[in-house]
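# Inside the fold
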Amino acid sequence: MLVQGEKDGNAAIPHLLDLVKQADESGAKAIIIGCFDDTGLNAARENASCPVIGIGQAAYHLASLYGRRFSVVTTLEVSVPILASNINSYGLGNNLARVRASGVTLLALEDDRGNATRRVKDEISAALAEDNTDSVVLGCAGMVHIVDESEDLPVKLIDGVHSAVKLASLF
């Protein structure tokens, strides 16, 4: 299921909770919510006996350790409000410079990777020029490849998938 914004996220929660239950009953040591909106994170935590990590939350916390301010570059404008709300609910609102939409759809990150990556990198460059930021969080699981393709950018890029996996490995 594609999740692009709060409406899609709300529709995905029942399916997500079924998967969380299955993972928990199978003895999972940690569960990672692989949507950057951290869809259903609180409900999943209530239904699991192990730690549940959202890739957004993991990335934001790591970004706050790299410096005092971070920006987020996500896909579509519809995602901006939920990401900003999540950051505030995690107590990191003072660290947030800005949540920026690149105008790239989730499917474009798969189907038109070269152009989509270029557009995301252009938005990262704009964040560096305009946001006075110490790091940039990549605001979509589908952007995981961009860290490896951005040696030319003079900023710490933080990917939520890698961030969550690192945290999960502690359990």
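### Description of the overall build of the protein
Scanning the protein for helices and strands turns up seven helices and six strands. For the protein, the sequential pattern of α-helices and β-strands runs α-β-α-β-α-β-α-β-α-α-β-β-α. The dimensions of the protein, computed from C-alpha atoms along their principal axes, are 45 × 35 × 25 Å. Residues counted as buried form 49% of the 171 residues belonging to the protein. Long-range contacts, defined here as pairs at least 24 residues apart, represent 62% of the contacts in the protein between residues at least 6 apart. When the accessible surface of the protein is totalled, it reaches about 8400 Å², and 50% of it is carbon and sulfur.

### Regarding the packing of aromatic side chains
Under the definition given, this model contains three aromatic pairs. Geometrically, the ring pair formed by Phe36 and Tyr60 is edge-to-face, given 5.4 Å between the ring centres and 85° between the ring planes. Taken as a pair, Phe36 in the loop between β1 (31-33) and α2 (41-46) and Tyr60 in helix α3 (residues 55-66) lie far apart in primary sequence, 24 residues in all. On the basis of relative accessible area, Phe36 is assigned to the buried category, the value being 3%. Relative to Phe70, the ring of Tyr60 has its centre 5.9 Å away and its plane inclined at 15°; by these criteria the two rings are stacked. Taken as a pair, Tyr60 in helix α3 and Phe70 in strand β3 (residues 70-74) lie far apart in primary sequence, 10 residues in all. With respect to burial, Tyr60 and Phe70 carry one shared label: buried. Ring-pair connections join several aromatic residues into one group, and the members of that group are Phe36, Tyr60, Phe70 and Tyr90.

### A closer look at the nonpolar core
Membership of the largest hydrophobic core comes to 31 residues, with the highest contact counts inside it found for Phe36, Tyr60, Phe70, Val72, Ile87 and Val137. For this core, the element with the most residues is α3, which contributes five residues. Apart from residues lying up to four places away in sequence, Val137 is in contact with Phe36, Ala59, Tyr60, Ala63, Phe70, Ser71, Val72, Val73 and Ile158. The next biggest cluster of nonpolar side chains, apart from the first, holds 17 residues, and it includes Leu106, Cys140, Met143 and Leu153.

### A word on the environment of Ser102
Inspection of the secondary structure puts Ser102 in the loop between β4 (96-101) and α5 (106-111). When the C-alpha positions of Ser102 and Gly54 are compared, they lie 21 Å apart, and in sequence the two are 48 residues distant. Here the side chain of Ser102 touches Val104 through a polar contact of 3.3 Å, landing on its backbone nitrogen.

### Quick word on the pattern of salt bridges
Taken as a whole and assessed by the stated rule, the structure comprises seven salt bridges. A salt bridge links Glu130 to Arg98, with the shortest nitrogen-to-oxygen separation between them at 3.5 Å. Remark: Arg98 occurs in strand β4 and Glu130 occurs in helix α6 (residues 113-130); sequence separation between them is 32 residues. Here Glu130 ties to Arg100 by a salt bridge, and the two come within 3.1 Å at their closest N and O atoms. Separated by 30 residues along the polypeptide, Glu130 in helix α6 and Arg100 in strand β4 bring together distant segments of the chain. For Glu130, a relative accessible area of 54% translates into the label exposed. On the basis of relative accessibility, which here comes to 4%, the residue Arg100 falls in the buried class. A single network of salt bridges, built from pairs that share partners, joins Arg98, Arg100, Glu123, Glu130 and Asp131.

Parameters and conventions
Residues numbered from 1 in each chain as written. Predicted model: local features only at pLDDT ≥ 70, side-chain atom pairs only at ≥ 80, totals over all residues. Heavy atoms only, no water. Helix = DSSP H or I, 4+ residues; strand = E, 2+ residues; numbered from the N terminus. Buried < 20%, exposed > 50% of the residue type's maximum accessible area, 1.4 Å probe, protein only. Contact = heavy atoms within 4.5 Å. Areas by Shrake-Rupley, 256 points an atom, 1.4 Å probe, with all protein chains shown as cover. Phe/Tyr/Trp six-rings, centres within 6.5 Å; stacked < 30°, edge-to-face > 60°. Core = buried A, V, L, I, M, F, W, Y, C linked by side-chain atoms within 4.5 Å. Polar contact = N/O pair within 3.5 Å; in protein donor to acceptor, adjacent residues only side chain to side chain. Salt bridge = Lys/Arg side-chain N within 4 Å of Asp/Glu carboxyl O.

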